[in-house]
Amino acid sequence: MGGHPEGHPEGHPEGHPEGLSGPALPQAPPITCDEPGSFARSVFQDRHPVLIRRILDAVPYGPERRRDFAALLEESRSGTVAGLPRDAPDRAAWEEWGEGRFGRTWAELPFLWSESYFYRRLLDPAGYLAAGAWHGVDLFAPFKDAELDGPGFAADLAALDELPGLAPADREHALLAAAVWGNQADLGFTMVAEAAAPEASGTLVADESERLWSLLDGGTVVVVTDNSAREILADLALVDDLLASGRAREVDLLVKPRPYYVSDATTQDVLSCLRRMTAAPGEAARTGGRLLAALREGRLTLTAHPFACAPLGYRDMPDDLRERCAAARLTVMKGDLNYRRLVDDRLWPATVPFADVTAYFPGPVATLRTLKSDTVAGLAPETVARLDAGGTAWRTSGTHALVQVTVPG
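Residues numbered from 1 in each chain as written. Predicted model: local features only at pLDDT ≥ 70, side-chain atom pairs only at ≥ 80, totals over all residues. Heavy atoms only, no water.

### Structural notes on helix α6 (residues 151-159)
Of all the residues in α6, the buried ones are G152, F153 and L157. Each buried residue of α6 sits inside an arc of 140° when the element is viewed along its axis, so together they form one side. Tucked into the core, α6 has its buried residues touching α5 (141-148), α10 (230-245), α11 (267-279) and α12 (283-297). (Buried < 20%, exposed > 50% of the residue type's maximum accessible area, 1.4 Å probe, protein only. Helix = DSSP H or I, 4+ residues; strand = E, 2+ residues; numbered from the N terminus. Arc of directions from axis to C-beta. Contact = heavy atoms within 4.5 Å.)

### Focus: the packing of aromatic side chains
The description of two aromatic rings rests on the distance between their centres and on the angle between their planes. The final tally for this structure, using the stated rule, is 19 aromatic pairs. Between F102 and W113, the ring centres sit 5.9 Å apart and the planes meet at 75°, which makes this aromatic pair edge-to-face. Separated by 11 residues along the polypeptide, F102 in the loop between α3 (91-97) and α4 (111-126) and W113 in helix α4 bring together distant segments of the chain. Taking the centre distance of 4.5 Å and the plane angle of 20° together, the rings of Y119 and Y261 count as stacked. In this pair, Y119 sits in helix α4 while Y261 sits in the loop between β3 (248-254) and α11, placing the two residues 142 residues apart along the sequence. You'll find Y119 and Y261 in the same group, each marked buried. Members of the aromatic cluster, connected to one another through ring pairs, are F44, W94, W97, F102, W106, W113, Y117, F118, Y119, F140, Y260 and Y261. Above the face of the Y339 ring, R369 is positioned so that its terminal group lies 4.2 Å from the ring centre. (Phe/Tyr/Trp six-rings, centres within 6.5 Å; stacked < 30°, edge-to-face > 60°. Lys NZ or Arg CZ within 6 Å of the ring centre and 35° of its normal.)

### Considering the packing of helix α2 (residues 63-78) against α4
Where α2 meets α4, the closest approach of the two axes is 8 Å, and the angle between their N-to-C directions is 160°. Classed by the angle they form, the pair α2 and α4 counts as roughly antiparallel. Our pair here, α2 against α4, has a crossing hand that is right-handed. Contacts between α2 and α4 involve R65, D68, F69, L72, E75 and S76 from the former and F118, R121, L122, D124, P125 and A126 from the latter. Taken together, the residues of the contact of α2 with α4 break down into six nonpolar, one polar and five charged. (Axes fitted to C-alpha atoms, helices over the stretch in contact; angles between N-to-C directions. Parallel < 35°, antiparallel > 145°, perpendicular 65-115°, else oblique. Left-handed = near helix turned anticlockwise from the far one by under 90°. Nonpolar A, V, L, I, M, F, W, Y, C, P; charged D, E, K, R; others polar.)

### Describing the nonpolar core
Of all hydrophobic cores here, the largest spans 46 residues; its most connected members are L212, L236, V239, V251, M277, L300 and L368. Considering every element that reaches this core, the biggest residue donor is α10, with eight residues. Not counting the four nearest positions on each side in its chain, L300 is found in contact with V239, L243, V251, L253, L291, A294 and L295. (Core = buried A, V, L, I, M, F, W, Y, C linked by side-chain atoms within 4.5 Å.)

### Points about the environment of P353
Here P353 shows up in the loop between α14 (335-342) and α15 (354-357). Relative accessible area serves as the criterion here: at 38%, P353 is assigned to the partly exposed category. Along the sequence, P353 and A380 sit 27 residues apart, while their C-alpha atoms lie 9.1 Å from each other.

### A look at the confidence of the model for the protein chain
Close inspection of predicted coordinates is inappropriate for parts of the model with low pLDDT. When pLDDT is averaged along the protein chain, the result is 91; 90% of the residues meet or exceed 70. Every residue in residues 1-16 scores below 50 in pLDDT, and together they form 46 contacts with partners more than four places removed in sequence or on other chains. (pLDDT = per-residue confidence, 0-100.)

The structure is reproduced here in structure tokens:
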């Protein structure tokens, strides 16, 4: 695992954020990319070259744009962090988020910040934000479309036909499991794996699902999404059941405002999934129809908040988002990146209480995550001992998952 054993001397934001340290929490430096052999370093040195090659194979960008992609890759692997173009619409925000970081090496900065900034920088050679023919063209669309057209997505649609025959408790268990393990369908993770993502037969290393269900009593639920296609399908099926059963009065689905982390869901990705659902036979079409009705009636809303693509933890979320989560009966965080943002992406001892590192959150929060990066909290000592003794990269392999809940106060 990467990171500085003593943290960075300049303090916040590289050291403990204000309010994070205290007698209940051990010292835990942020994860960085500067340790040879670490997972974070492998993302920049191994995964990103594959990603850019796949993008250039899939999208017919011209010579100048292709050179710009190559230059970004070289900068991120061995250079120093450059700022955004002067005419970038989000330049001011990134100058604030990156204060003190431009001009430094990518590897020495927190992994959460540097990886997020890399995905923001990909939009420039892609022309996504600039005026011109490539404006608004999702550079990851070929990968997302391929998953929507693939046999796995078709099988997931067909599997919805089994739900009406299940008892309510069994249906809820199946839908929650699908939402947890659907997080394995992460294109940025699977496209560089030696084999396809493992089947949903991995191990739950923490399971507070009963506590999660106890909080769903008819209030508003905020669902912070992760990936598109197969994962958002599982999320939408769960949302439909929450609304239909009355466990949620309203659901606010937070999506990304722009392409991010290869397969992260945008509004367009949600709508594409709903179109596939309503065009399918059986329960998939009925579920899609109910969800479209819920959108029209305002019981289901889509929110594309700019903070969804910020390189910051949820400790730093803006007031409007904080107030929304505080007012919700439950906020559900999907996936690995949201988990990292929730726990500050630090090298915590895996046994540090999850409730302690997330105590700042303004309301009840649950996380449904397949483990695909180093940070983790809230595991039982015997679980950690067993996993460490197994000799596998259990933190990053995508074969283990968790359901955790914090209720402040």
